[in-house]
Number of protein chains: 4
Amino acid sequence: MHNTEIRIRGYHLDLFGHVNNARYLEFLEEARWAIFDDKLNLEDLARGGFAFTVVNININYRHPAFLHDTLCIESRLSKVGSRSAVIRQTVINKKSAVPIADADVTFVMLDAKSQKAALLEGRLKETLLQTIGPESSLETG
Amino acid sequence: MHNTEIRIRGYHLDLFGHVNNARYLEFLEEARWAIFDDKLNLEDLARGGFAFTVVNININYRHPAFLHDTLCIESRLSKVGSRSAVIRQTVINKKSAVPIADADVTFVMLDAKSQKAALLEGRLKETLLQTIGPESSLETG
Amino acid sequence: MHNTEIRIRGYHLDLFGHVNNARYLEFLEEARWAIFDDKLNLEDLARGGFAFTVVNININYRHPAFLHDTLCIESRLSKVGSRSAVIRQTVINKKSAVPIADADVTFVMLDAKSQKAALLEGRLKETLLQTIGPESSLETG
Amino acid sequence: MHNTEIRIRGYHLDLFGHVNNARYLEFLEEARWAIFDDKLNLEDLARGGFAFTVVNININYRHPAFLHDTLCIESRLSKVGSRSAVIRQTVINKKSAVPIADADVTFVMLDAKSQKAALLEGRLKETLLQTIGPESSLETG
């Protein structure tokens, strides 16, 4: 599990004073990069010929966020399949704990040679689990 | 059904020469605004106290898009439920017809007074169908 | 001289209903890319070992732009120096002709080998003039 | 004087692995908001009928920034004129101290009633100086 905080600025907001849909994906990406900053093993693997590639994002927008709000983004590996895995990211308002958004981000480790999703087994799977898992709630399917 | 074209520029691309995940949501939003430009009824309704509010986006990233590619975005109302509806948006490479991304965008018409999702019936439902439907494939659930 | 039109969408706007400062630089970049789309010689040169590199942007924000405004961006080469040149870009409201913003964008043609600004002479200068000039008002300094 | 740090992520970078021109303006704006976060007097004034409004940005791009670089942004009030003032913002690479970009951001305090730039005198001027000044190098013109 990993936590990132983001403070809402004027340039994050749209016409209605809300954070724009697209901007949330940048916040989620910021949180994922922060994980790789802290625990670099995944990136090492990337250098070994695997590219972290997002194939699906399913995001719920729960409540709007406003100027000066501080958002907390919690990220954890929620599922490891045979060739894809899911990071669950939850965004809440730090002060009020109101849920702002939550997303399941499905990714594969693209094998640079074959241009196909690599099998998530052995050292690759271990590294994923060490980096953003394991979680007691982890499903392995 | 509605079509929008977007040409990929240098500033759309990330480090790997691909269009960034968050930028695709801006492309999809551009396509949705273009619908409202052409067929203004929905916006009239918004002025009448209803706010078009996205509550979920489920997007698949199929193939990367590159510099100078022209993307075609097709948008159509794919489902009208009792209080929410879905716009299906499909992004393909104009030249090669390679699928780039597709998304289901679920929205509600937020009633400004009650701050709840309005019932999609009567004139509200008709306007939605006139603006981005009807489609032969339309499911009503 | 080259003209590009951009229509203001909700996601372009900030909290105050204005187009954000940073977003204008994307609009200006869009207009510059559109030049290269129409007249490809400059890009050919880029392939020949020269990279179009912006070294300064001096932008005046004159009046705000609002939702649904259509902006016209006029771009022209305004000065060709020995190692740098300037594109002047003017943004006006299409309907009212109100000036929105104007910018001088100074660029060099970076020589990939030496990593220094190339002399703008001979074929390089000709190509620049053919692509976004010549203008009667062109200063050569 | 005020310092902000920003870490370069993949989504900040363009095709050439460089931070895009427009993104730098977001970094500068982030740094300016951080000032208002720490020292809120300016915002109080804004509530009193004055809107902080940027009228010109003159930015030099010195050297490219790359993935994982940490940038330091130093912001200080460099000039207070009768109706406008200038914040000088300098971006350097934290590790190498290589200059990345520097900008003069000229702003006015727009009077909400008259829609004109307010005179920067009395309490308004004091608040500006207290918030992001005074600097020994401050010019008053």
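Chain A is annotated in an unreviewed UniProt entry as Thioesterase from Desulfosarcina ovata subsp. sediminis. The Sequence similarities (unreviewed entry) field of the UniProt record for chain A holds the comment "Belongs to the 4-hydroxybenzoyl-CoA thioesterase family."

A. Quick peek at the overall build of chain A. When its secondary structure is counted, chain A shows 3 helices and 7 strands. Expressed as a percentage of contacts within chain A between residues at least 6 apart in sequence, the contacts between residues at least 24 apart total 66%.

B. A look at the pattern of salt bridges. Scanning the model with the defined rule gives 28 salt bridges over all chains in all. Its salt-bridge partner being Arg88(D), residue Asp102(D) comes within 3.3 Å of it at the nearest N-O pair. Of the two residues, Asp102(D) is situated in strand 5 (residues 99-111) and Arg88(D) in strand 4 (residues 85-93); the sequence distance between them amounts to 14 residues. Residues participating in the shared-partner salt-bridge network are Arg23(A), Glu26(A), Arg23(D) and Glu26(D).

C. Structural context of the pairing of strand 3 (residues 70-80) of chain A. All names here are of chain A. Extensive coverage of strand 3 is indicated by the burial of 9 of its 11 residues. Pairing of strand 1 (residues 2-7) with strand 3 involves 6 bridges; the strand directions are antiparallel. Note that in strand 3 the partner of His2 across the bridge is Ser75. The hairpin turn running from strand 3 into strand 4 (residues 85-93), its antiparallel successor, is 4 residues long.

D. Region of the structure containing the relation of the copies chain B and chain A. Expressed as a screw operation, the relation of chain B to chain A combines 0.0 Å of axial shift with a rotation of 180 degrees, fitting to an RMSD of 0.0 Å. Expressed as an axis order, the relation between the two copies is that of a two-fold axis. When C-alpha distances to the rotation axis are compared across chain B, the minimum falls at Asn58(B), with a value of 2.1 Å.

E. The interface of chain D and chain A, seen in detail. With 15 residues of chain D at the contact, the number on the chain A side is 15 residues. Note on chain D versus chain A: buried area summed over both sides is about 1,500 Å², and carbon and sulfur give 43% of it. Applying the counting criterion to the chain D and chain A interface returns 4 salt bridges. Here Glu30(A) makes a salt bridge to Arg9(D), at a shortest N to O gap of 2.9 Å. Taken together, the links from chain D to chain A amount to 6 residue pairs in polar contact (both at pLDDT 80 or more). At 7 residues, the largest contribution of residues to the side of chain D that touches chain A is made by helix 1 (residues 21-38) of chain D. Residues belonging to the side of chain D that touches chain A are distributed by class as follows: 4 nonpolar, 3 polar and 8 charged.

F. View of the interface of chain B and chain A. In this complex, chain B contributes 15 residues to the contact, which on the side of chain A involves 15 residues. Of the roughly 1,400 Å² buried where chain B meets chain A, counting both sides, 45% is carbon and sulfur surface. Viewed at the interface, chain A and chain B are joined by 0 salt bridges. Of all elements in the fold, only helix 1 (21-38) and strand 2 (50-61) of chain B reach the threshold of two or more residues within the side of chain B that touches chain A.

G. Summary view of the side chain of His12(D). You can see His12(D) is positioned in the loop between strand 1 (2-7) and helix 1. One polar contact links the side chain of His12(D) to the main-chain amide nitrogen of Arg9(D), over a distance of 2.9 Å.

H. Representation of empty space enclosed by the protein within the structure. Under the counting rule described, the total for this entry stands at 1 cavity of 30 Å³ or more. Empty space within the largest cavity amounts to approximately 530 Å³. What lines the largest cavity is a set of 32 residues, and nearest its centre among them are Glu26(A), Glu26(B), Glu26(C), Arg23(D) and Glu26(D). Here the residues of the lining of the largest cavity sort into 12 nonpolar, 8 polar and 12 charged.

I. Region of the structure containing the packing of aromatic side chains. All chains considered together, the criterion is met by 12 aromatic pairs over all chains. With a centroid separation of 5.8 Å and an interplanar angle of 55 degrees, the aromatic rings of Tyr24(B) and Tyr61(B) are classed as tilted. Here Tyr61(B) lies in strand 2 and Tyr24(B) lies in helix 1, a separation of 37 residues in the sequence. Judged by its relative accessible area of 11%, Tyr61(B) is buried. A ring pair is formed by Tyr24(C) and Phe27(C), whose centres lie 6.0 Å apart and whose planes are at 80 degrees; its orientation type is edge-to-face. With Tyr24(C) and Phe27(C) both in helix 1 (residues 21-38), this residue pair falls 3 residues apart, about one helical turn.

J. The arrangement of helix 3 (residues 122-132) of chain D in detail. Turning to helix 3 of chain D, its buried residues number three or more, namely Leu124(D), Thr127(D), Leu128(D), Thr131(D) and Ile132(D). Down the axis of helix 3 of chain D, the buried set is contained in an arc of 100 degrees. They therefore lie on one face.

K. A look at unusual backbone geometry. At Ala97(A), a position not held by glycine, the phi torsion is positive, near 65 degrees. The phi dihedral of His68(C) falls on the positive side, at around 75 degrees, and the residue is not glycine. Relative to the assigned elements, His68(C) resides in the loop between strand 2 (50-61) and strand 3 (70-80). By relative accessible area, His68(C) is classed as partly exposed at 26%.

L. Looking closely at the pairing of strand 2 (residues 50-61) of chain A. By the bridge criterion, 11 bridges tie strand 2 of chain A to strand 5 (residues 99-111) of chain A in an arrangement that is antiparallel. Bridging across to strand 5 of chain A, Ala51(A) finds its partner in Leu110(A). Across 5 bridges, the pairing between strand 2 of chain A and strand 2 of chain B is antiparallel. Bridge pairing links Asn56(A) to Asn60(B) in strand 2 of chain B.

M. Quick look at the relation of the copies chain D and chain A. With an RMSD of 0.0 Å, the operation that places chain D on chain A is a rotation of 180 degrees combined with a shift of 0.0 Å along the axis. The overlap is high: 100% of the interface residues of chain D also sit at the interface in chain A, so the same surface is used on both sides.

N. Inspection of the environment of Ile73(B) at higher detail. All names here are of chain B. Here Ile73 shows up in strand 3 (residues 70-80). Residue class for Ile73 comes out buried when judged on its relative accessible area of 1%. Between the C-alpha atoms of Ile73 and Lys94, which are 21 residues apart in sequence, the distance is 9.2 Å. In this view, Ile73 contacts His2, Asn3, Thr4, Ile6, Phe27, Leu28, Ala31, Gln89, Thr90 and Val91; residues no more than four positions away in its chain are not counted.

Definitions and limits used
- Chains are numbered independently. Their residues run from 1 in the order of the written sequence.
- Here every chain gets a letter starting at A, and every ligand a number starting at 1, in the order they are written.
- Only residues with pLDDT of at least 70 are given local features in this predicted model, and only at 80 or more are side-chain atom pairs given and counted; all residues enter the totals for whole chains, interfaces and linings.
- The side-chain quantities take in all heavy atoms of the structure and omit both hydrogens and water.
- UniProt positions are given in the numbering used here, feature names are shortened, and annotations may be inferred rather than shown by experiment.
- A run of DSSP states H or I qualifies as a helix once it reaches four residues; a run of E qualifies as a strand once it reaches two. Both are numbered from the N-terminal end.
- Any two residues having at least one pair of non-hydrogen atoms within 4.5 Å are treated as being in contact.
- When a carboxyl oxygen of Asp or Glu lies within 4 Å of a side-chain nitrogen of Lys or Arg, that pair is called a salt bridge.
- Using a 1.4 Å probe on the protein chains alone, a residue whose accessible area is under 20% of its type maximum counts as buried, one over 50% counts as exposed, and one in between counts as partly exposed.
- Whether two strands pair depends on DSSP finding at least two bridges between them.
- The superposition of copies rests on a least-squares fit of C-alpha positions from residues with pLDDT of 70 or more in both.
- Defined in terms of a 1.4 Å probe, buried area is the accessible area two parts forfeit on being brought together, summed over both.
- Here a polar contact is recorded for every N or O atom pair within 3.5 Å, except that within protein the pair must consist of a potential hydrogen donor and a potential acceptor, and residues adjacent in sequence are included only if both atoms are side-chain atoms.
- Each residue gets one label: Ala, Val, Leu, Ile, Met, Phe, Trp, Tyr, Cys and Pro are nonpolar, Asp, Glu, Lys and Arg are charged, and the others, such as Gly, are polar.
- Of the two site types, the cavity is a set of points on a 1 Å grid over the protein atoms alone where a 1.4 Å probe fits but cannot get out, and the pocket is an open set with protein on both sides within 12 Å along at least five of seven lines, each lined by residues with an atom within 4 Å of a point.
- Grid points are joined across faces, edges and corners, and a volume is the space filled by probe spheres set on the points.
- Only centres within 6.5 Å qualify two rings of Phe, Tyr or Trp (six-membered ring in Trp) as a pair; their planes then separate them into stacked at under 30 degrees, edge-to-face at over 60, and tilted for everything else.
- What the arc covers is the set of directions going from the helix axis to the C-beta atoms.

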